[in-house]
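Chain and residue survey
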Amino acid sequence: MKKIGVITTGGDAPGMNAAIRSVVRTAIFYNIEVVGIVEGFKGLYEKKFISLNSRSVSGIINQGGTILKTKRFYEFKNKQVRETSYQNLKNENIEGLVVIGGNGSAVGAYLLYSEFNFPVVHIPASIDNDVYGTDYTIGFDTAVNTAIDAIDKIRDTATSHERTFIIEVMGRDCGNLALEVGIVCGAEIVIIPEIKFEIDKIVEEIKEEEKKGKKSCIIVLAEGAGKAEDLTKILKEKLPDREIRYTVLGYIQRGGKPTYLTRKLATIFGSKAVELLISGQYGYMIGLKGEEIIYVPLVEVVNNKKLPKFEYLDIIQKMSI
Ligand code: F6P
């Protein structure tokens, strides 16, 4: 293998830059040329290629976002668009591709591999931690820490004013981010999309907590389960004597300096991805199971849904007595 490409696609996640750096430097270590594809699959379709060397990735291990830029590019669902993209790779003499991104990126990577037999390896990167086959995605730990920081601050107001706070976190249709944040922020209630919530149960829980002397309450709501604004309105009607407020954390969860765990995962995943391509093993996602780095066939990744850690709900309930 003489030349490979690296691309970041879908939503940006902290640690993408650390992964790009690792891919580039590992490839150069093995005397392989690296081409950066700018703006995700859109850039692949539009031939936006740049040459990367060891210095192009200097000083980015600590930066959020992605130096290669990224786009949501729904047109990649179109076979004709993928055909052109594949031809662009061939014309550029790119012999292997490392795709860094979340679930949508895994699907794109899988299609390039399965339809054109193109050598592809996927690195899971998403703040949602919703990619099947890996315990953690790059960026998740950073997003959790960002949310912790924000909720710790909100707690000051919740306690001082004896208020109920609903905090909406990202995660698309997956509750992993909400659960992880909820368990470490000491939330009384966590609402996730995988379990239909009953408003009367939540009201009961808040009343019970009040009886136990808890005057403030933190509810973490996953965006996929509903809108904080709507839930606040409903709760205000049911609990007119309580002061209820909400905060949507939004995009602050996507940005910022990657944490220790995010950088470490990104650096190891990036290096392993290149080594997998060199060894002729294609169509895999690099993943983490416990302490072990694993290679998961992309066909499994794209055909399964990652389930949240439901057992956390039980612990959260026990912690709120
Ligand atoms: O997948 C990451 C994520 O931030 C989700 O949590 C969120 O639902 C979505 O992306 C937002 O997408 P966009 O950046 O396209 O608005």
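Residues numbered from 1 in each chain as written. Predicted model: local features only at pLDDT ≥ 70, side-chain atom pairs only at ≥ 80, totals over all residues. Heavy atoms only, no water.

Brief notes about the overall build of the chain
As a reminder of what qualifies: The helix and strand labels rest on DSSP assignments: H or I over at least four residues marks a helix, E over at least two residues marks a strand, and numbering proceeds from the N terminus. We take the radius of gyration over the C-alpha atoms and set the globule estimate at 2.2 Å times the residue count to the 0.38 power. Here the term buried applies to any residue with accessible area under 20% of the maximum for its type, exposed to any over 50%, and partly exposed to those in between, with areas from a 1.4 Å probe on protein chains only. The contact criterion used throughout is that any non-hydrogen atoms of two residues lie within 4.5 Å. The Shrake-Rupley method, run with a 1.4 Å probe, gives the accessible areas here. Residue values count only the displayed protein chains as cover. For the purpose of charge, His is not counted, nor are the chain termini; Lys and Arg are scored as positive and Asp and Glu as negative. The atom standing in for a charge is NZ when the residue is Lys, CZ when it is Arg, CG when it is Asp and CD when it is Glu.
For the chain, the helix and strand inventory stands at 11 helices and 11 strands. Taking 20 Å as the expected radius of gyration for a compact globule of 321 residues, we find that the chain reaches 22 Å, a close match to that expectation. Considered along the principal axes of its C-alpha atoms, the chain spans approximately 70 × 35 × 30 Å. Buried positions account for 52% of the 321 residues belonging to the chain. Here the contacts in the chain between residues at least 6 apart in sequence split such that 76% fall between residues at least 24 apart. Carbon and sulfur atoms make up 50% of the accessible area of the chain, which totals about 14,500 Å². Taking the average location of the 42 positive side-chain charges in the chain and that of its 41 negative ones, the two points are 5 Å from each other.

Things to note about the pattern of salt bridges
Threshold: Every case where a carboxyl oxygen of Asp or Glu lies within 4 Å of a side-chain nitrogen of Lys or Arg is listed as a salt bridge.
Scanning the entire structure with this criterion turns up 16 salt bridges. A salt bridge links Asp12 to Arg254; its shortest N-O distance comes to 2.9 Å. Taken together, the residues Asp12 in the loop between strand E1 (3-8) and helix H1 (16-29) and Arg254 in the loop between strand E9 (244-248) and helix H9 (260-278) connect sequence positions 242 residues apart. Classification of Arg254 by relative accessible area gives buried; the value is 16%. Among the ionic contacts, a cluster of salt bridges with common partners joins Glu39, Lys42, Glu46 and Lys48.

What about the packing of aromatic side chains?
The cut-off we apply is this: Two rings belonging to Phe, Tyr or Trp (six-membered ring only in the last case) form a pair when the distance between their centres is within 6.5 Å. Interplanar angles under 30 degrees mark stacking, angles over 60 mark edge-to-face geometry, and anything in between is tilted.
Considering all chains together, one arrives at six aromatic pairs under this definition. When the centroid spacing of 4.1 Å and the interplanar angle of 10° are considered together, the rings of Phe41 and Phe76 count as stacked. In this pair, Phe41 sits in helix H2 (residues 40-45) while Phe76 sits in the loop between strand E3 (49-52) and helix H3 (79-91), placing the two residues 35 residues apart along the sequence. Assigned by exposure class, Phe41 and Phe76 land together as buried.

Focus on the domain arrangement of the chain
Put simply, the rule reads: How far each domain reaches was decided by an automatic or database domain assignment. Each of two parts loses accessible area, computed with a 1.4 Å probe, when they are put together; buried area is these two losses added.
Assigned domains of the chain: these are domain 1 (3-139 + 258-302) and domain 2 (141-254). Summarising the inter-unit geometry, the C-alpha centres of domain 1 and domain 2 are found 34 Å apart. Contacts between domain 1 and domain 2 engage 15 residues on the former and 13 residues on the latter. Summing the contributions of domain 1 and of domain 2, the shared interface buries around 1,200 Å²; its carbon and sulfur component is 46%. In terms of surface lost to domain 2, no three residues of domain 1 exceed Ile127, Asp128 and Thr259, which account for 42% of the buried area on that side. Summed over the shared surface of domain 1 and domain 2, the number is one salt bridge.

Regarding the nonpolar core
The criterion, for reference: Grouping buried Ala, Val, Leu, Ile, Met, Phe, Trp, Tyr and Cys residues that are joined through side-chain atoms within 4.5 Å yields what is termed a nonpolar core.
Of all hydrophobic cores here, the largest spans 59 residues; its most connected members are Ile100, Ile123 and Val220. The greatest single-element share of this core, amounting to nine residues, is contributed by helix H5 (residues 140-161). Domain assignment of the residues forming this core places at least three in each of domain 1 (3-139 + 258-302) and domain 2 (141-254). Excluding its chain neighbours within four sequence positions, the residues that come into contact with Val220 are Ile151, Ile167, Val169, Ala178, Val181, Gly182, Ala187, Ile189, Val190 and Ile191.

A closer look at helix H8 (residues 228-238)
Selection rule: In this description, the arc belongs to the directions extending from the helix axis to the C-beta atoms.
For H8, the set of buried residues is Ala228, Leu231, Thr232 and Leu235. With its buried residues spanning 105° around the axis, H8 presents them on a single face. Structural note: H8 exposes Lys233 and Glu237 on the side pointing more than 90 degrees away from its buried face. For H8, the secondary structure elements touched by its buried residues are strand E6 (164-169), strand E7 (189-191), helix H7 (199-211), strand E8 (217-222) and E9.

Some thoughts on a nonpolar patch on the surface
For clarity, the threshold we go by: Candidates for patches are residues over 30% relative accessible area with no salt bridge; among them, like charges are joined within 9 Å and nonpolar side chains (Val, Leu, Ile, Met, Phe, Trp, Tyr) within 5 Å.
Together, Phe29, Tyr30 and Ile278 line one region of the surface with nonpolar side chains, adding up to about 320 Å² of accessible area. Among the secondary structure elements, Tyr30 is positioned in the loop between H1 and strand E2 (33-37). Judged by relative accessible area, Tyr30 falls into the partly exposed class, the value being 36%.

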